[in-house]
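Single-letter residue listing:
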Amino acid sequence: MDSSSVQAYETSARVAAYDADMDLMHPNRHKMVEVIMAALAASTPDPRLVVDLGTGTGFLLDRLLRRFPNCRAVAIDGSQQMLSTAKSRLGSLAERVEFVIGDLRQAETFGAEIESADAVVSAYALHHLNLQEKAELMERCRARLKEDGWFLNADLVVSEDEFLEALTQQMRVAGIVDRAEGRDPRFRTATDTRRFIDELQRNECDQPQTEADDLRIMRGCGYRHVSLLWKDTREVVCGGIR
Ligand SMILES: C[S@@+](CC[C@H](N)C(=O)[O-])C[C@H]1O[C@@H](n2cnc3c(N)ncnc32)[C@H](O)[C@@H]1O
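Residues numbered from 1 in each chain as written. Predicted model: local features only at pLDDT ≥ 70, side-chain atom pairs only at ≥ 80, totals over all residues. Heavy atoms only, no water.

Observations concerning the site of the ligand
Part 1: Taken together, the neighbourhood of the ligand is formed by 21 residues, with Ser5, Tyr18, Gly54, Asp77 and Ala123 sitting nearest.
Part 2: Separating a nitrogen atom of the ligand from a backbone N or O atom of Leu104 is a distance of 2.9 Å.
Part 3: Between Ala123 and the ligand, the recorded distance is 2.7 Å, taken from a backbone N or O atom to a nitrogen atom.
Part 4: Contact with the protein chains hides 99% of the accessible area of the ligand, taken as 590 Å² for the molecule alone.
Part 5: Taking a 2 Å distance to the grid points as the criterion, the majority of the atoms of the ligand fall inside the largest pocket.
Part 6: Across the shell around the ligand, the residue classes tally to nine nonpolar, eight polar and four charged. (Near = heavy atom within 4 Å. Polar contact = N/O pair within 3.5 Å; in protein donor to acceptor, adjacent residues only side chain to side chain. Areas by Shrake-Rupley, 256 points an atom, 1.4 Å probe, with all protein chains shown as cover. 1 Å grid on protein atoms, 1.4 Å probe; cavity = no way out; pocket = protein on both sides within 12 Å on 5 of 7 lines; lining within 4 Å. Sits in = over half its atoms within 2 Å of the grid points. Nonpolar A, V, L, I, M, F, W, Y, C, P; charged D, E, K, R; others polar.)

Written out as structure tokens, the structure reads:
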């Protein structure tokens, strides 16, 4: 696929190290998945179908399918390697999943199944899209989601305030160095860590937007009850209802 944000996830080394790296760099991912599942359970205790955007290695889907035993899922990602890792991780749970290799920016990636979905969910994927692409994706999902279906997105944001953004980045780097405890040469010092994450973000075309922009485009698409459900520093869970 002609997208550097996907090409980066077709690299065997990145895929193999992905989940361990996520735990080191984004330990909040566990909490964020819990928030998504709690929001969904509060409105739909027994969901039957969920569409996951940017499934990756299937961290979110694994938890979701265990928590909701009658739920099936459509797992969409541009990276074949990430989706095959997800399939292995899910084991027998994969029988409840339709895997779709496709670009989230293209309308043809989305089939008719979204019309019966109880929710569209996503974790750490939509910051690879620019604001316009993200708004188009949200609108495409809203137009086809069933009434009262959720759009739930766990992702990264940037601060509108440059000073606060710089502080946030310092906190981010210090957290990674602490958790790595000197065991990983990429994260021995703040300088090593900064160099590594700068290169990673460049390769993967990270372009997180502000929380205000994310909420604004969701409202602009016509979602109701749009809100920030959870936040810690530069990680958020936002949601809105069709
Ligand atoms: C940081 S990973 C997140 C994976 C997973 N949701 C998680 O929480 O660990 C981002 C995923 O989005 C996928 N991705 C990035 N840009 C994409 C695009 N334009 N279309 C489809 N998938 C894309 C990548 O292939 C990768 O698997």
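Brief notes about empty space enclosed by the protein
Part 1: For the structure on display, the rule yields one cavity of 30 Å³ or more.
Part 2: A volume near 160 Å³ is recorded for the largest cavity.
Part 3: Along the walls of the largest cavity sit 16 residues, with Arg14, His26, His127, Glu204 and Asp206 positioned nearest its centre.
Part 4: Contributions of two or more residues to the lining of the largest cavity are made by helix 2 (12–25) and helix 8 (190–203).
Part 5: Looking at which element gives the most residues to the lining of the largest cavity, the answer is helix 2, with four residues.
Part 6: For the lining of the largest cavity, the per-class residue count stands at eight nonpolar, three polar and five charged.
Part 7: Mapping the lining of the largest cavity onto the domain boundaries places at least three of its residues in each of domain 1 (4–158 + 207–241) and domain 2 (162–201). (Points joined across faces, edges and corners; volume = space filled by probe spheres on them. Helix = DSSP H or I, 4+ residues; strand = E, 2+ residues; numbered from the N terminus. Domains from an automatic or database assignment.)

Topic: the domain arrangement of the chain
Interfaces are often described in size by the accessible area the parts lose on coming together.
Part 1: If you check the domain split of the chain, you get domain 1 (4–158 + 207–241) and domain 2 (162–201).
Part 2: Centre-to-centre, using C-alpha coordinates, domain 1 lies 25 Å away from domain 2.
Part 3: Counting from both sides, the interface comprises nine residues of domain 1 and, opposite them, 15 residues of domain 2.
Part 4: In total, about 950 Å² of surface goes out of reach between domain 1 and domain 2, with carbon and sulfur atoms giving 64% of it.
Part 5: Between domain 1 and domain 2 we count one salt bridge in total.
Part 6: One salt bridge connects Arg186 with Asp21, and the closest N-O pair in it is separated by 2.8 Å.
Part 7: Where domain 1 packs against domain 2, one counts two residue pairs in polar contact (both at pLDDT 80 or more).
Part 8: Looking at the side of domain 1 that touches domain 2 residue by residue, the class counts come to four nonpolar, one polar and four charged. (Contact = heavy atoms within 4.5 Å. Buried area = accessible area lost by both parts, 1.4 Å probe. Salt bridge = Lys/Arg side-chain N within 4 Å of Asp/Glu carboxyl O.)

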